[in-house]
Amino acid sequence: MSRFYNLMSRSRYVLLAAAYALLVLLMCYMLGNTTFSLGEDKVIAQRLHAMKSVLTKSEAFTYYNLFPVNVAYDRELVDWEDEYGIPVGKMPVTDRASLLRFLQIAKETDYRYIMLDVFFEEGITTPVDSALFSLIADMDNIVIPAHRDTKAADEILHSRQAFADYSTSIFDGDFGKYRYIYDDSCSMAWKMYADLTGAEFSQWGPFAFCNGRLCRKCLFPDFRVNPAGNAYTSGGDKVYYNLGADLLESTEDIDFSVLLKDKCILIGDFTESDMHNTYVGDMSGAYINYNAFLSLKSGKHYVSFWPMFLLYVVYFMISYILIKHTSVFQLIPFLRKVKSPVWRFIFSWFGFSIVLSIFSTAVYLIEGNIYDILAVSCCFSILSTCLEFYQTLKSKSL
């Protein structure tokens, strides 16, 4: 009879641990699908990226079919008014006549895709707007940015727009996770991915799916293409082409049908006003979007079974130890003298963070994704504290 009772007790421990581990894993997935960040994710991403670079000896590279076009030095002045419609002077914007000329050339070639990271804001007008906007709307495989709080200059552009807003951490305001899916639209990276591959997004409750497979809506992209502000490689090759100086002023000497064939044309400000601080250093918004696309292309957004199973096993083992032994302090002799509930919580949280950091590092090296450590550690510390409190009440009642 006692053997049966012991078996039932162990089964109860296993079921409780399995259920709690599943809840923690679900919370981990849901947190991963939000852009919320206290800033520690960026530090973790920075360190894990450096570690992976050393272990795999990987270096940033220029994707073979990328054709970057820098518009930072192609500017024109337009009239600008304040919020009351009162003229206040001139403002520099991307030279839309030059942009129109280049897109007219590109349309006659067999380019693969154009990611045009130049925003056409309502209230800014130039003489070529009608022709430029009509051309963009008429071109295939092209995406332009949209921002939540700003309207586009013309409704004809809506079919080519996708969001280019970046989430930032609370404390330092630096670039955080890249959000691929919004409530009613998608990001530039996702639109490019869907246009080129036919990928379809769906959602059921808190779960996101790509082509019927469980996926994530937010990621820390792999920044594999990082020009780091340099115009030339160490070998003297151009990293990007300046729109006017390198391309439009040499149209008679360039065979664009060959130069742009099968190329992903990336157009944006690579050097001046669109730089963002990421975990690999400063990077232009256009390159952030393109790297986010590459992460999708490599399947990083998919939830892989084995890494998740490994995390579940770790969460289950921690839960089982806590539920069976009430407190992790019983397993560590020199910590048994700690009586303060606050210090016990802090010590347990710190210990869980170390253990989870080790396993999260292993998962990152396997699939390249970063999982929350601090929030999950809090979950186990709360469980440990609650079990201790319950055990104390139980002993006093006897």
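Residues numbered from 1 in each chain as written. Predicted model: local features only at pLDDT ≥ 70, side-chain atom pairs only at ≥ 80, totals over all residues. Heavy atoms only, no water.

Asks: How do you make sense of the pairing of strand S5 (residues 142-146) when you look at a structure like this?
Replies: Across the five residues that make up S5, a large majority, five, are buried. Side chains of S5 alternate between two faces, with Ile142, Ile144 and Ala146 and Val143 and Pro145 buried alike. Sheet topology places strand S4 (residues 113-116) next to S5; two bridges connect them, and they run parallel. Note that in S5 the partner of Met115 across the bridge is Val143. The parallel pair S4 and S5, bridged by helix H4 (residues 129-138), forms a crossover whose chirality is right-handed. Sheet topology places S5 next to strand S6 (residues 161-163); three bridges connect them, and they run parallel. What sits directly across from Pro145, in S6, is Ala162. (Buried < 20%, exposed > 50% of the residue type's maximum accessible area, 1.4 Å probe, protein only. Helix = DSSP H or I, 4+ residues; strand = E, 2+ residues; numbered from the N terminus. Pairing = 2+ DSSP bridges. Right-handed = clockwise from strand over helix to strand, strands pointing away.)

Asks: It is not clear to me how the nonpolar core should be interpreted in this structure. Could you clarify?
Replies: The tendency in soluble globular proteins is for nonpolar side chains to be buried as a group. Tyr180, Leu266, Tyr287, Tyr290, Tyr315, Leu356 and Phe380 are the most contacted members of the largest nonpolar core, which has 60 residues in total. Top element by residues in this core is helix H8 (residues 285-297). It accounts for eight residues. Once residues lying within four places of it in the same chain are set aside, the contact partners of Leu356 are Val314, Tyr315, Ile318, Ile373, Val376, Ser377 and Phe380. (Core = buried A, V, L, I, M, F, W, Y, C linked by side-chain atoms within 4.5 Å. Contact = heavy atoms within 4.5 Å.)

Asks: Looking at this structure, I do not really get helix H10 (residues 341-367). What am I missing?
Replies: In an α-helix, one turn spans 3.6 residues; hence positions three or four apart end up facing the same way. For H10, built from 27 residues, the straight-helix expectation of 39 Å at 1.5 Å per residue is met to within 8% by its first-to-last C-alpha distance of 38 Å. Within the span of H10, buried status applies to Arg344, Ser348, Phe352, Ser353, Leu356, Ser360, Thr361, Val363, Tyr364 and Glu367. Two residues or fewer after H10 comes Gly368, characterised by a positive phi angle close to 85°. (Expected span 1.5 Å × (residues − 1).)

Asks: Help me out: how do you make sense of helix H3 (residues 96-107) in this one?
Replies: Here H3 is twelve residues long and its end C-alpha atoms lie 16 Å apart, about the 16 Å a rise of 1.5 Å per residue gives. Within H3, the full set of buried residues consists of Arg96, Ser98, Leu99, Leu100, Phe102, Leu103, Ile105 and Ala106. Where H3 begins, one side-chain oxygen reaches toward the backbone nitrogen of Ala97, 3.1 Å away; that side chain belongs to Asp95. (Polar contact = N/O pair within 3.5 Å; in protein donor to acceptor, adjacent residues only side chain to side chain.)

Asks: What am I meant to see in the sheet that holds strand S13 (residues 264-268) here?
Replies: Consider a sheet: its strands pair through backbone hydrogen bonds, and that pairing is either parallel or antiparallel. Read across the sheet, six strands follow the order S6-S5-S4-S13-S1-S12 without closing on themselves; strand pairing throughout is parallel. Both outer strands of the open sheet, S6 and strand S12 (241-242), are each paired with one neighbouring strand and no more. Taken strand by strand, H3 contacts strand S1 (66-70), S4 and S13, and its axis lies near 175° from that of S13. (Axes fitted to C-alpha atoms, helices over the stretch in contact; angles between N-to-C directions.)

Asks: How do you make sense of the sheet that holds strand S10 (residues 213-215) when you look at a structure like this?
Replies: Pairing is antiparallel in the open sheet, where three strands are placed in the order S8-S9-S10. The sheet is open, and its two borders are formed by strand S8 (201-204) and S10, each paired with just one other strand. Between one strand axis and the next, the sheet turns through 40° on average, direction left out of account. Where strand S9 (residues 207-210) lies against S10, three bridges are found, and the strand directions are antiparallel. Residue Ala208 lies in a different strand from S10, and its bridge partner there is Cys215.

Asks: Quick question: what am I supposed to make of the pattern of salt bridges here?
Replies: For side chains bearing opposite charge, pairing can occur when the charged atoms are close. Considering all chains together, one arrives at eight salt bridges under this definition. Asp110 is the salt-bridge partner of Lys261, the closest N and O atoms lying 4.0 Å from each other. Within this pair, whereas Lys261 is found in the loop between helix H7 (256-259) and S13, its partner Asp110 is found in the loop between H3 and S4, the two being separated by 151 residues in sequence. A residue is classified by how much of its surface remains accessible, and Lys261, at 42% relative accessible area, is partly exposed. We note a salt bridge from Asp195 to Lys191, for which the minimum N-O separation is 2.9 Å. (Salt bridge = Lys/Arg side-chain N within 4 Å of Asp/Glu carboxyl O.)

Asks: Just to check I follow, could you spell out the environment of Val258 for this structure?
Replies: Within the fold, Val258 resides in helix H7. Distance from Val258 to Asp110, taken between C-alpha atoms, is 8.6 Å for residues 148 residues apart in sequence.

Asks: Explanation requested: the confidence of the model for the protein in the structure shown.
Replies: Close reading of the predicted structure is inappropriate where its pLDDT is low. Residues of the protein with pLDDT of at least 70 account for 82%, and the chain-wide mean is 82. The element-level mean pLDDT for the protein is lowest in helix H2 (residues 40-56), coming to 62, with S4 highest at 97. (pLDDT = per-residue confidence, 0-100.)

Asks: Just checking my understanding: could you explain the layout of surface pockets for this structure?
Replies: Where empty space is left can be seen by rolling a probe of water-molecule size over the atoms. Estimates place the volume of the largest pocket at around 520 Å³. Thr94, Asp117, Val118, Phe119 and Ser273 are, among the 22 residues lining the largest pocket, the residues nearest its centre. Secondary-structure elements contributing two or more residues to the lining of the largest pocket are strand S2 (75-81) and strand S3 (87-94). For the lining of the largest pocket, the element with the highest residue contribution is S3, accounting for four residues. Partitioned by chemical class, the residues of the lining of the largest pocket number eleven nonpolar, five polar and six charged. (1 Å grid on protein atoms, 1.4 Å probe; cavity = no way out; pocket = protein on both sides within 12 Å on 5 of 7 lines; lining within 4 Å. Points joined across faces, edges and corners; volume = space filled by probe spheres on them. Nonpolar A, V, L, I, M, F, W, Y, C, P; charged D, E, K, R; others polar.)

Asks: Would you take a moment to explain the state of the cysteines for this structure?
Replies: Disulfides are covalent bonds that connect the sulfur atoms of two cysteines. Using the criterion set out here, one finds zero disulfides in the structure. Residue Cys215 stays outside any disulfide, its sulfur separated by 5.4 Å from that of Cys210, the closest cysteine. A relative accessible area of 0% places Cys215 in the buried class. (Disulfide = S-S within 2.5 Å.)

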